[in-house]
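# Fold and contact review
In case you want the letters, here they are:
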Amino acid sequence: MTFPRSARFCALGLAALALGLGAPAQADGDVTCNAGPQSGWAKMSKLKKKAWLEEWKLLKMQVEGDCYEVYARTKEGQSIEAFFHPVTLKKLVVFRRGQEIYRAEGFTG
Amino acid sequence: MKGSRRILLWLVLALPAALMVGRFVSGEALAMDLYHPSGEMSVRLMVLALLPGPLADAFGPNRFLRAWLAIRRNLGVAAFGYAVLHLAIYAFDMQQLSAMLAELPIPGIWTGWFALLAMAIPAAISFDAAMRRLGRRWKTLQRLVYPAALLSLVHWLLLDWAWGPALVHLAPLVIAWLLRFTMRRGRFVSRSIA
(Lines give C-alpha, C1' and ligand atoms only; values in the text may rest on other atoms or scores of the structure.)
Protein backbone atom coordinates (compact mmCIF):
# COMPACT_ATOMS: atom_id res chain seq x y z
CA MET A 1 0.00 0.00 0.00
CA THR A 2 1.37 3.38 -0.95
CA PHE A 3 0.37 6.58 0.67
CA PRO A 4 -0.92 9.34 -1.58
CA ARG A 5 0.77 12.67 -1.38
CA SER A 6 -2.22 14.15 0.42
CA ALA A 7 -1.64 11.71 3.26
CA ARG A 8 1.94 12.87 3.49
CA PHE A 9 0.84 16.49 3.59
CA CYS A 10 -1.60 15.60 6.35
CA ALA A 11 1.15 13.86 8.28
CA LEU A 12 3.23 17.02 7.95
CA GLY A 13 0.33 19.08 9.29
CA LEU A 14 -0.24 16.69 12.17
CA ALA A 15 3.44 16.85 13.04
CA ALA A 16 3.16 20.63 13.19
CA LEU A 17 0.05 20.25 15.32
CA ALA A 18 1.86 17.98 17.76
CA LEU A 19 4.81 20.36 17.85
CA GLY A 20 2.59 23.34 18.49
CA LEU A 21 0.53 21.69 21.18
CA GLY A 22 3.67 20.30 22.77
CA ALA A 23 4.28 23.82 24.07
CA PRO A 24 3.15 24.16 27.68
CA ALA A 25 -0.50 25.05 27.94
CA GLN A 26 -1.15 28.58 29.04
CA ALA A 27 -4.72 29.68 29.12
CA ASP A 28 -5.37 33.36 28.93
CA GLY A 29 -9.06 32.92 28.24
CA ASP A 30 -9.95 31.87 31.75
CA VAL A 31 -7.93 33.96 34.17
CA THR A 32 -9.85 34.42 37.41
CA CYS A 33 -9.03 37.13 39.91
CA ASN A 34 -11.50 36.31 42.72
CA ALA A 35 -12.31 39.99 42.80
CA GLY A 36 -15.71 39.87 44.48
CA PRO A 37 -18.61 42.16 43.57
CA GLN A 38 -17.99 44.95 41.07
CA SER A 39 -19.13 47.54 43.61
CA GLY A 40 -15.85 47.05 45.46
CA TRP A 41 -13.65 47.47 42.38
CA ALA A 42 -11.28 50.35 41.80
CA LYS A 43 -11.89 52.53 38.75
CA MET A 44 -10.52 50.99 35.57
CA SER A 45 -9.08 54.36 34.53
CA LYS A 46 -6.56 54.03 37.37
CA LEU A 47 -4.84 51.39 35.25
CA LYS A 48 -3.64 54.17 32.96
CA LYS A 49 -1.12 55.23 35.58
CA LYS A 50 -0.08 51.61 36.10
CA ALA A 51 0.57 51.24 32.39
CA TRP A 52 2.49 54.51 32.36
CA LEU A 53 4.68 53.30 35.24
CA GLU A 54 5.42 50.12 33.27
CA GLU A 55 6.36 52.32 30.29
CA TRP A 56 3.68 50.65 28.20
CA LYS A 57 1.70 52.24 25.42
CA LEU A 58 -1.88 51.51 26.39
CA LEU A 59 -4.05 50.21 23.55
CA LYS A 60 -7.20 49.02 25.27
CA MET A 61 -8.65 48.32 28.72
CA GLN A 62 -11.58 46.03 29.45
CA VAL A 63 -13.24 43.79 32.00
CA GLU A 64 -12.47 40.14 31.28
CA GLY A 65 -14.32 37.74 33.58
CA ASP A 66 -13.67 39.20 37.02
CA CYS A 67 -10.36 40.78 36.04
CA TYR A 68 -9.21 43.98 34.42
CA GLU A 69 -7.41 43.30 31.19
CA VAL A 70 -5.03 45.68 29.50
CA TYR A 71 -3.75 45.43 25.94
CA ALA A 72 -0.54 47.35 25.49
CA ARG A 73 2.79 47.62 23.75
CA THR A 74 5.98 47.62 25.77
CA LYS A 75 8.71 50.12 25.04
CA GLU A 76 10.53 47.33 23.18
CA GLY A 77 7.50 47.07 20.90
CA GLN A 78 6.20 43.77 22.29
CA SER A 79 2.46 43.28 22.09
CA ILE A 80 1.15 42.17 25.49
CA GLU A 81 -2.03 41.39 27.39
CA ALA A 82 -1.91 42.02 31.15
CA PHE A 83 -4.43 41.06 33.82
CA PHE A 84 -4.85 43.23 36.91
CA HIS A 85 -6.78 42.60 40.10
CA PRO A 86 -9.76 44.98 39.98
CA VAL A 87 -9.65 45.76 43.72
CA THR A 88 -5.94 46.00 44.46
CA LEU A 89 -4.91 46.82 40.85
CA LYS A 90 -2.02 44.43 41.30
CA LYS A 91 -0.45 43.11 38.11
CA LEU A 92 -1.25 39.40 38.19
CA VAL A 93 -0.26 37.85 34.89
CA VAL A 94 1.03 39.01 31.51
CA PHE A 95 0.77 37.19 28.20
CA ARG A 96 2.61 37.80 24.98
CA ARG A 97 0.99 36.20 21.94
CA GLY A 98 -0.48 33.37 23.99
CA GLN A 99 2.66 32.82 26.06
CA GLU A 100 2.84 33.68 29.73
CA ILE A 101 5.75 36.04 30.35
CA TYR A 102 4.95 37.21 33.87
CA ARG A 103 3.04 35.86 36.83
CA ALA A 104 2.78 37.50 40.23
CA GLU A 105 4.19 35.40 43.03
CA GLY A 106 1.53 33.17 44.53
CA PHE A 107 -1.09 33.97 41.88
CA THR A 108 -2.78 30.83 40.62
CA GLY A 109 -5.96 32.18 38.99
CA MET B 1 -18.07 31.13 -14.89
CA LYS B 2 -19.60 34.12 -16.66
CA GLY B 3 -17.86 37.43 -16.16
CA SER B 4 -20.80 39.21 -14.55
CA ARG B 5 -21.43 36.38 -12.11
CA ARG B 6 -17.80 36.28 -11.14
CA ILE B 7 -17.82 40.01 -10.46
CA LEU B 8 -20.89 39.56 -8.27
CA LEU B 9 -19.25 36.70 -6.40
CA TRP B 10 -16.14 38.78 -5.75
CA LEU B 11 -18.20 41.74 -4.57
CA VAL B 12 -19.82 39.45 -2.00
CA LEU B 13 -16.45 37.99 -1.01
CA ALA B 14 -14.91 41.45 -0.66
CA LEU B 15 -17.72 42.95 1.39
CA PRO B 16 -16.53 41.78 4.84
CA ALA B 17 -13.04 43.07 4.04
CA ALA B 18 -14.47 46.45 3.05
CA LEU B 19 -16.38 46.63 6.34
CA MET B 20 -13.23 45.76 8.31
CA VAL B 21 -11.14 48.37 6.50
CA GLY B 22 -13.94 50.89 7.03
CA ARG B 23 -14.05 50.26 10.78
CA PHE B 24 -10.28 50.61 11.01
CA VAL B 25 -10.07 53.79 8.95
CA SER B 26 -12.91 55.44 10.86
CA GLY B 27 -11.16 54.63 14.14
CA GLU B 28 -14.04 52.48 15.35
CA ALA B 29 -11.77 49.45 15.54
CA LEU B 30 -8.13 49.10 16.48
CA ALA B 31 -5.92 46.89 14.33
CA MET B 32 -5.92 44.35 17.17
CA ASP B 33 -9.72 44.21 17.06
CA LEU B 34 -9.58 42.97 13.48
CA TYR B 35 -7.37 39.94 14.06
CA HIS B 36 -10.36 37.73 14.76
CA PRO B 37 -12.71 38.82 11.99
CA SER B 38 -10.04 38.66 9.27
CA GLY B 39 -8.46 35.39 10.42
CA GLU B 40 -11.78 33.66 10.94
CA MET B 41 -13.03 34.79 7.53
CA SER B 42 -9.92 33.28 5.97
CA VAL B 43 -10.44 29.97 7.78
CA ARG B 44 -14.14 29.92 6.88
CA LEU B 45 -13.43 30.47 3.20
CA MET B 46 -10.77 27.79 3.33
CA VAL B 47 -13.29 25.38 4.84
CA LEU B 48 -15.85 26.36 2.17
CA ALA B 49 -13.26 25.66 -0.53
CA LEU B 50 -12.43 22.27 1.00
CA LEU B 51 -15.96 20.99 1.57
CA PRO B 52 -17.45 20.44 -1.93
CA GLY B 53 -14.75 17.96 -2.97
CA PRO B 54 -15.45 15.28 -0.38
CA LEU B 55 -19.19 16.01 -0.49
CA ALA B 56 -19.29 15.45 -4.24
CA ASP B 57 -17.40 12.22 -3.76
CA ALA B 58 -19.79 11.10 -1.08
CA PHE B 59 -23.10 12.02 -2.69
CA GLY B 60 -22.16 12.01 -6.34
CA PRO B 61 -22.27 15.15 -8.42
CA ASN B 62 -25.49 17.12 -8.38
CA ARG B 63 -26.33 20.62 -9.56
CA PHE B 64 -25.70 22.21 -6.21
CA LEU B 65 -22.33 20.58 -5.66
CA ARG B 66 -21.29 21.23 -9.26
CA ALA B 67 -22.00 24.93 -8.82
CA TRP B 68 -20.10 24.90 -5.55
CA LEU B 69 -17.15 23.13 -7.18
CA ALA B 70 -17.21 25.68 -9.98
CA ILE B 71 -16.55 28.55 -7.59
CA ARG B 72 -14.15 26.65 -5.37
CA ARG B 73 -11.00 28.24 -6.73
CA ASN B 74 -12.48 31.68 -6.10
CA LEU B 75 -13.18 30.72 -2.48
CA GLY B 76 -9.63 29.52 -2.04
CA VAL B 77 -8.10 32.67 -3.49
CA ALA B 78 -10.41 34.77 -1.30
CA ALA B 79 -9.25 32.77 1.76
CA PHE B 80 -5.69 33.72 0.85
CA GLY B 81 -6.79 37.32 0.37
CA TYR B 82 -8.18 37.44 3.90
CA ALA B 83 -4.98 35.87 5.21
CA VAL B 84 -3.03 38.68 3.55
CA LEU B 85 -5.42 41.21 5.08
CA HIS B 86 -4.82 39.48 8.43
CA LEU B 87 -1.08 39.98 7.90
CA ALA B 88 -1.58 43.65 6.99
CA ILE B 89 -3.57 44.11 10.20
CA TYR B 90 -0.73 42.44 12.11
CA ALA B 91 1.73 44.90 10.55
CA PHE B 92 -0.50 47.82 11.54
CA ASP B 93 -0.80 46.47 15.08
CA MET B 94 2.92 45.84 15.57
CA GLN B 95 4.01 49.03 13.77
CA GLN B 96 7.66 47.96 13.60
CA LEU B 97 9.19 45.25 11.44
CA SER B 98 11.71 44.55 14.19
CA ALA B 99 8.87 43.82 16.63
CA MET B 100 7.29 41.44 14.13
CA LEU B 101 10.58 39.62 13.60
CA ALA B 102 11.11 39.43 17.36
CA GLU B 103 7.84 37.49 17.63
CA LEU B 104 8.80 34.93 14.98
CA PRO B 105 10.04 32.27 17.44
CA ILE B 106 6.70 32.24 19.28
CA PRO B 107 4.77 29.11 18.17
CA GLY B 108 1.50 31.02 17.90
CA ILE B 109 3.18 33.36 15.41
CA TRP B 110 5.31 31.12 13.20
CA THR B 111 2.42 28.73 12.69
CA GLY B 112 0.55 31.69 11.19
CA TRP B 113 3.44 32.57 8.87
CA PHE B 114 3.76 28.98 7.67
CA ALA B 115 0.01 28.75 7.13
CA LEU B 116 0.20 31.86 4.95
CA LEU B 117 3.16 30.45 2.98
CA ALA B 118 1.35 27.15 2.48
CA MET B 119 -1.69 29.03 1.17
CA ALA B 120 0.36 31.31 -1.06
CA ILE B 121 1.44 28.52 -3.41
CA PRO B 122 -2.05 27.17 -4.28
CA ALA B 123 -3.31 30.75 -4.54
CA ALA B 124 -0.48 31.75 -6.88
CA ILE B 125 -1.23 28.91 -9.31
CA SER B 126 -4.99 29.24 -9.20
CA PHE B 127 -5.45 30.65 -12.71
CA ASP B 128 -6.38 28.58 -15.76
CA ALA B 129 -3.03 28.78 -17.55
CA ALA B 130 -1.16 27.49 -14.50
CA MET B 131 -3.72 24.71 -14.16
CA ARG B 132 -3.16 23.62 -17.76
CA ARG B 133 0.58 23.87 -17.61
CA LEU B 134 1.02 22.02 -14.32
CA GLY B 135 -1.31 19.16 -15.25
CA ARG B 136 -1.45 16.55 -12.51
CA ARG B 137 1.04 18.41 -10.37
CA TRP B 138 -1.50 21.22 -10.03
CA LYS B 139 -3.76 19.05 -7.86
CA THR B 140 -0.81 17.95 -5.75
CA LEU B 141 0.23 21.55 -5.12
CA GLN B 142 -3.34 22.53 -4.28
CA ARG B 143 -3.21 19.97 -1.47
CA LEU B 144 -0.93 22.36 0.39
CA VAL B 145 -4.22 23.77 1.62
CA TYR B 146 -4.47 20.86 4.08
CA PRO B 147 -1.32 21.74 6.04
CA ALA B 148 -2.36 25.39 5.68
CA ALA B 149 -5.72 24.65 7.32
CA LEU B 150 -4.12 22.65 10.12
CA LEU B 151 -1.48 25.30 10.75
CA SER B 152 -4.18 27.98 10.81
CA LEU B 153 -6.07 26.08 13.47
CA VAL B 154 -2.93 25.56 15.56
CA HIS B 155 -2.08 29.27 15.14
CA TRP B 156 -5.56 30.12 16.41
CA LEU B 157 -5.42 27.71 19.37
CA LEU B 158 -1.97 28.82 20.49
CA LEU B 159 -2.97 32.48 20.58
CA ASP B 160 -6.42 32.08 22.04
CA TRP B 161 -6.45 28.87 24.02
CA ALA B 162 -10.16 28.62 23.25
CA TRP B 163 -10.85 25.24 21.68
CA GLY B 164 -14.54 25.71 20.94
CA PRO B 165 -14.50 28.18 18.02
CA ALA B 166 -11.52 26.56 16.30
CA LEU B 167 -13.02 23.08 16.52
CA VAL B 168 -16.38 24.30 15.23
CA HIS B 169 -14.55 25.27 12.03
CA LEU B 170 -12.80 21.92 11.79
CA ALA B 171 -15.93 19.83 12.44
CA PRO B 172 -17.63 20.18 9.01
CA LEU B 173 -14.41 19.13 7.31
CA VAL B 174 -14.01 16.07 9.48
CA ILE B 175 -17.64 15.11 8.82
CA ALA B 176 -17.22 15.58 5.05
CA TRP B 177 -14.03 13.53 5.03
CA LEU B 178 -15.70 10.75 6.99
CA LEU B 179 -18.64 10.80 4.57
CA ARG B 180 -16.29 10.54 1.63
CA PHE B 181 -14.45 7.69 3.26
CA THR B 182 -17.54 5.65 4.13
CA MET B 183 -19.83 6.39 1.17
CA ARG B 184 -17.18 6.20 -1.50
CA ARG B 185 -16.33 2.66 -0.50
CA GLY B 186 -19.97 1.66 -0.75
CA ARG B 187 -20.29 2.95 -4.31
CA PHE B 188 -16.93 1.80 -5.58
CA VAL B 189 -16.17 5.25 -6.88
CA SER B 190 -12.60 4.76 -7.91
CA ARG B 191 -11.92 8.16 -9.39
CA SER B 192 -12.95 11.36 -7.78
CA ILE B 193 -14.47 14.07 -9.92
CA ALA B 194 -13.43 16.64 -7.36
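It should be noted that the structure appears before, not after, this text.
Residues numbered from 1 in each chain as written. Chains lettered and ligands numbered in written order. Predicted model: local features only at pLDDT ≥ 70, side-chain atom pairs only at ≥ 80, totals over all residues. Heavy atoms only, no water.

Once that is clear, we can look at the overall build of chain B. Per the secondary structure count, chain B includes 11 helices and 0 strands. Seen in sequence order, chain B has helices and strands lined up from the N terminus as α-α-α-α-α-α-α-α-α-α-α. Radius of gyration (C-alpha) of chain B: 18 Å, near the 16 Å computed for a compact globule of 194 residues. In terms of principal-axis extent, the alpha carbons of chain B reach across some 55 × 40 × 30 Å. Within chain B, one finds 20 positive and 8 negative side-chain charges whose respective centroids are separated by 24 Å. (Helix = DSSP H or I, 4+ residues; strand = E, 2+ residues; numbered from the N terminus. Rg over C-alpha atoms; globule rule 2.2 N^0.38 Å. Lys, Arg positive; Asp, Glu negative; His and termini not counted. Charge placed at Lys NZ, Arg CZ, Asp CG, Glu CD.)

The calculated volume of the second largest pocket comes to roughly 1,000 Å³. Forming the walls of the second largest pocket are 41 residues, and the residues nearest its centre are Tyr-35, His-36, His-86, Leu-159 and Asp-160 of chain B. Secondary structure elements with two or more residues in the lining of the second largest pocket: β1 (57–64), β2 (67–73) and β3 (79–84) of chain A together with α2 (35–50), α5 (72–94), α7 (107–124) and α10 (145–160) of chain B. Top element by residues in the lining of the second largest pocket is α2 of chain B. It accounts for 7 residues. (1 Å grid on protein atoms, 1.4 Å probe; cavity = no way out; pocket = protein on both sides within 12 Å on 5 of 7 lines; lining within 4 Å. Points joined across faces, edges and corners; volume = space filled by probe spheres on them.)

All names here are of chain A. Of all 7 residues in β2, 7 are buried, a share of seventy percent or more. Because side chains alternate across β2, one face comprises the buried residues Cys-67, Glu-69, Tyr-71 and Arg-73, and the other comprises Tyr-68, Val-70 and Ala-72, equally buried. Two strands pair when backbone bridges link them, and β1 and β2 are joined in this way by 7 bridges, in the antiparallel orientation. Within β2, the residue paired with Glu-64 across the bridge is Cys-67. As consecutive antiparallel partners, β1 and β2 are separated by 2 residues, and within that stretch Gly-65 has a phi angle of approximately 65 degrees, a positive value. Two strands pair when backbone bridges link them, and β2 and β3 are joined in this way by 6 bridges, in the antiparallel orientation. Its bridge partner being in β3, Glu-69 is matched across the sheet by Phe-83. (Buried < 20%, exposed > 50% of the residue type's maximum accessible area, 1.4 Å probe, protein only. Pairing = 2+ DSSP bridges.)

Now for the packing of aromatic side chains. Counted according to the given criterion, the structure contains 8 aromatic pairs over all chains. Residue placement shows Lys-91 of chain A over the ring face of Tyr-102 of chain A; its charged tip is 4.2 Å from the ring centre. (Phe/Tyr/Trp six-rings, centres within 6.5 Å; stacked < 30°, edge-to-face > 60°. Lys NZ or Arg CZ within 6 Å of the ring centre and 35° of its normal.)

All names here are of chain B. Among the nonpolar cores identified, the biggest contains 49 residues, and Leu-45, Met-46, Leu-51 and Tyr-82 are the most heavily contacted of them. Considering every element that reaches this core, the biggest residue donor is α5, with 9 residues. Setting aside residues no more than four positions away along its own chain, Tyr-82 makes contact with Leu-13, Ala-14, Leu-15, Pro-16, Ala-17, Met-20, Ser-38, Met-41, Ser-42 and Leu-45. (Core = buried A, V, L, I, M, F, W, Y, C linked by side-chain atoms within 4.5 Å. Contact = heavy atoms within 4.5 Å.)

Residues and elements named next belong to chain B. Turning to its location among the elements, His-155 is positioned in helix α10. The buried category is assigned to His-155, whose relative accessible area is 16%. Polar contacts involving the side chain of His-155 include one to the main-chain carbonyl oxygen of Gly-108, which spans 2.5 Å. Apart from the residues within four sequence positions on either side, His-155 is in contact with His-86, Gly-108, Ile-109, Thr-111 and Gly-112. (Polar contact = N/O pair within 3.5 Å; in protein donor to acceptor, adjacent residues only side chain to side chain.)

What follows is about the environment of Met-32 of chain B. With respect to the element layout, Met-32 of chain B can be found in the loop between α1 (3–25) and α2. Here Met-32 of chain B falls in the buried class, since its relative accessible area comes to 14%. Measuring from C-alpha to C-alpha, the distance between Met-32 of chain B and Phe-92 of chain B comes to 8.6 Å, with 60 residues separating the pair along the chain. Sequence-distant contacts of Met-32 of chain B, defined by excluding residues within four places in its chain, comprise Leu-59, Lys-60 and Tyr-71 of chain A together with Asp-93 of chain B.

For the rest of this paragraph, the subject is the state of the cysteines. Residue and element names in this part refer to chain A. Counting across every chain of the model gives 1 disulfide over all chains. Here Cys-33 connects covalently by a disulfide to Cys-67, the sulfurs 2.0 Å from one another. Taking the sign of the S-S torsion, about 115 degrees here, the bridge from Cys-33 to Cys-67 comes out right-handed. With Cys-33 in the loop between α1 (5–21) and α2 (47–53) and Cys-67 in strand β2, this residue pair connects regions lying 34 residues apart in the sequence. No difference in accessibility class separates Cys-33 from Cys-67, as the two residues are buried. (Disulfide = S-S within 2.5 Å.)

Interpretation note: all reported values are geometric properties and have no functional meaning in isolation.
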